[in-house]
Amino acid sequence: MLIQENLALAPLTTMQVGGPARFFVEGKTIAEVQEAIRFARSRNLPLFVLGGGSNLVIADAGWPGLVLKIGILGIDEHDKDGNAIFEVGAGEEWDKFVARAVARNCAGVECLSGIPGSVGGTPVQNVGAYGQEVSETIESVVTLDLRDDEIRELCNEACGFNYRTSIFNTSERERFIILRVSYALKPGGQPRIEYADLKNHFGGSRSAPTLGATREAVRRIRASKAMLITPGDPDSHSAGSFFKNPVISDEQHNDLNRRATARGLQIPIYPALDAQHKISAAWLVEHSGFRKGYIDGTVGISSKHALAIVNRGGASAADIVALKERIQRRVEETWGVCLQHEPAFVGF
Ligand SMILES: Cc1cc2nc3c(=O)[nH]c(=O)nc-3n(C[C@H](O)[C@H](O)[C@H](O)COP(=O)(O)OP(=O)(O)OC[C@H]3O[C@@H](n4cnc5c(N)ncnc54)[C@H](O)[C@@H]3O)c2cc1C
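Criteria and cut-off values
- Residues numbered from 1 in each chain as written.
- Predicted model: local features only at pLDDT ≥ 70, side-chain atom pairs only at ≥ 80, totals over all residues.
- Heavy atoms only, no water.
- Pairing = 2+ DSSP bridges.
- Helix = DSSP H or I, 4+ residues; strand = E, 2+ residues; numbered from the N terminus.
- Near = heavy atom within 4 Å.
- Polar contact = N/O pair within 3.5 Å; in protein donor to acceptor, adjacent residues only side chain to side chain.
- Areas by Shrake-Rupley, 256 points an atom, 1.4 Å probe, with all protein chains shown as cover.
- Nonpolar A, V, L, I, M, F, W, Y, C, P; charged D, E, K, R; others polar.
- Buried < 20%, exposed > 50% of the residue type's maximum accessible area, 1.4 Å probe, protein only.
- Expected span 1.5 Å × (residues − 1).
- Contact = heavy atoms within 4.5 Å.
- Phe/Tyr/Trp six-rings, centres within 6.5 Å; stacked < 30°, edge-to-face > 60°.
- Core = buried A, V, L, I, M, F, W, Y, C linked by side-chain atoms within 4.5 Å.

Details of the sheet that holds strand 14 (residues 295-296)
With antiparallel pairing, the three strands of this open sheet are ordered in space as 14-15-16. Each having just a single partner strand, strand 14 and strand 16 (309-311) make up the two edges of the open sheet. In the sheet, strand 14 pairs with strand 15 (residues 299-301) via two bridges, with the strands oriented antiparallel. Pairing of Asp-296 across the sheet is with Val-299, part of strand 15.

Quick look at the site of the ligand
Taken together, 33 residues form the shell around the ligand, and within it Val-49, Gly-52, Ser-54, Ser-118 and Arg-222 come nearest. Ser-54 places a side-chain nitrogen or oxygen 2.7 Å from an oxygen atom of the ligand. Ser-118 places a side-chain nitrogen or oxygen 2.6 Å from an oxygen atom of the ligand. Against a free-state accessible area of 970 Å², the protein chains account for coverage of 93% of the ligand. Counting only elements with at least two residues in the shell around the ligand, the list comes to strand 3 (47-50), strand 9 (128-129) and strand 13 (176-187). Residue classes in the shell around the ligand are distributed as 16 nonpolar, 15 polar and two charged.

Brief notes about the pairing of strand 11 (residues 138-145)
Most of strand 11 sits out of view: seven of its eight residues are buried. Two elements, strand 11 and strand 12 (residues 150-155), share six bridges in a ladder whose sense is antiparallel. Bridge pairing links Asp-145 to Glu-150 in strand 12. The hairpin turn running from strand 11 into strand 12, its antiparallel successor, is four residues long, and Asp-149 in that turn takes a positive phi close to 65 degrees.

A word on the side chain of Thr-122
Note that Thr-122 resides in the loop between strand 8 (106-107) and strand 9. The exposure class assigned to Thr-122 is buried, which follows from its relative accessible area of 2%.

Considering helix 8 (residues 317-335)
Taking 1.5 Å as the rise per residue, helix 8 with 19 residues should run 27 Å; its terminal C-alpha atoms sit 27 Å apart, in good agreement. Looking only at helix 8, the buried set comprises Ala-317, Ile-320, Val-321, Leu-323, Lys-324, Ile-327, Gln-328, Val-331, Thr-334 and Trp-335. In this structure, the buried side of helix 8 is in contact with strand 4 (56-58), helix 5 (250-262), helix 7 (281-286), strand 15, strand 16 and strand 17 (344-346). Gly-336 sits one or two residues past helix 8 and shows a positive phi near 70 degrees.

Details of unusual backbone geometry
Unusually for a residue other than glycine, Asn-105 sits at a positive phi of about 60 degrees. Within the element layout of this structure, Asn-105 appears in the loop between helix 2 (94-103) and strand 8. Here Asn-105 falls in the partly exposed class, since its relative accessible area comes to 40%. Residue Glu-174 is not a glycine yet carries a positive backbone phi of 70 degrees. Tracing the backbone shows Glu-174 in the loop between strand 12 and strand 13.

Examining the packing of aromatic side chains
Under the criterion given, the structure shown has 13 aromatic pairs. Measuring from ring centre to ring centre gives 5.4 Å for Trp-94 and Phe-97, while their planes differ by 65 degrees; the resulting arrangement is edge-to-face. One end of the pair is Trp-94 and the other is Phe-97, both in helix 2 and three residues apart, which spans about a single turn. Each member of the pair, Trp-94 as well as Phe-97, carries the same accessibility label: buried. One aromatic cluster in this structure is built from Phe-86, Trp-94, Phe-97 and Tyr-183.

As for the nonpolar core
Core analysis: the biggest nonpolar cluster contains 56 residues, and Val-33, Phe-86, Trp-94, Phe-97, Ile-177 and Tyr-183 have the highest contact counts within it. It is strand 13 that provides the largest number of residues to this core, a total of seven residues. Setting aside chain neighbours within four positions, we find Ile-177 in contact with Val-33, Ile-37, Leu-47, Val-49, Leu-68, Ile-70, Val-142, Thr-143, Leu-144 and Leu-146.

As structure tokens, this is what we get:
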């Protein structure tokens, strides 16, 4: 196991900002992960667990302790009660696993095609897109519990999944290292075509699309919004959606409508969001003076998606944070809604 010192972290993230790790190591087996933890403890170093770096803002000062990248690979398949169970190493690339599941004609993750990052990152914020979330297919998560160093398998319910949350990024943050994730998929199942973008894509076709066609459609739609990492696309230096869609009460909804009417606007209704009492964060951002393509020096907003803050080249973490705070302030002043950020902030 190679422990490196003062390793630059920015190139290991999609946002490409932030300083170095004091120490850095990749754990490719459970034994290596355990050894890395012993190293950190023996030197009293704070530990940060890194996956694919696609949901992070690293501070300019970097990380003062050990960054442990989870590199555990392997995908095993078996059948259980009519489901295809895929046991996947946390270090596997998420989209590679989705491609494999779709190639095996197994339904359940096709709408999550093209999301960057690692398999181990997906339970953390209950990754979701186009009407699907990993909480619907995760059967269990094998973890290393840092409280007592036991390997624990958590069933789906124990993970406490909710919209962009789980116990891993809320109540039990920093307690578990995710080693493997088991997904229960439906062999020969139908793709989920619920979101308007997907329905429109297949609007003209009479027969139900295949899982493969759905995967391709999702990737194409994502690419058009710079939500697919595409080499050479400056809009893909982001952490994806920077803000969560706010869940609001009826009272807040009425207040929003009043504010919109006063401006001669109408709050758009998206059935999929409406059903969960959510409103579009992208709409709030765009109607607070931050349009797609907004530029402020080295940072800006993606020209293809109002929710993605982008590093236009040479940005610092402080630049990203300053823009994030400006957007939050303006949205709150204009709409009375407090936007919550989605990426993890590391070393701040
Ligand atoms: C272009 C783009 C599009 C995106 N689209 C979506 C989308 O549609 N839907 C969506 O939900 N997200 C989206 N994201 C966000 C991101 O891709 C996901 O949240 C992804 O699952 C993060 O995984 P990661 O491996 O990159 O995690 P990292 O960014 O490395 O880490 C994120 C957090 O998870 C923790 N973590 C990671 N791995 C482990 C592990 N093995 N054990 C314990 N903790 C761990 C880290 O400590 C950190 O707190 C997008 C990001 C980008 C850049």
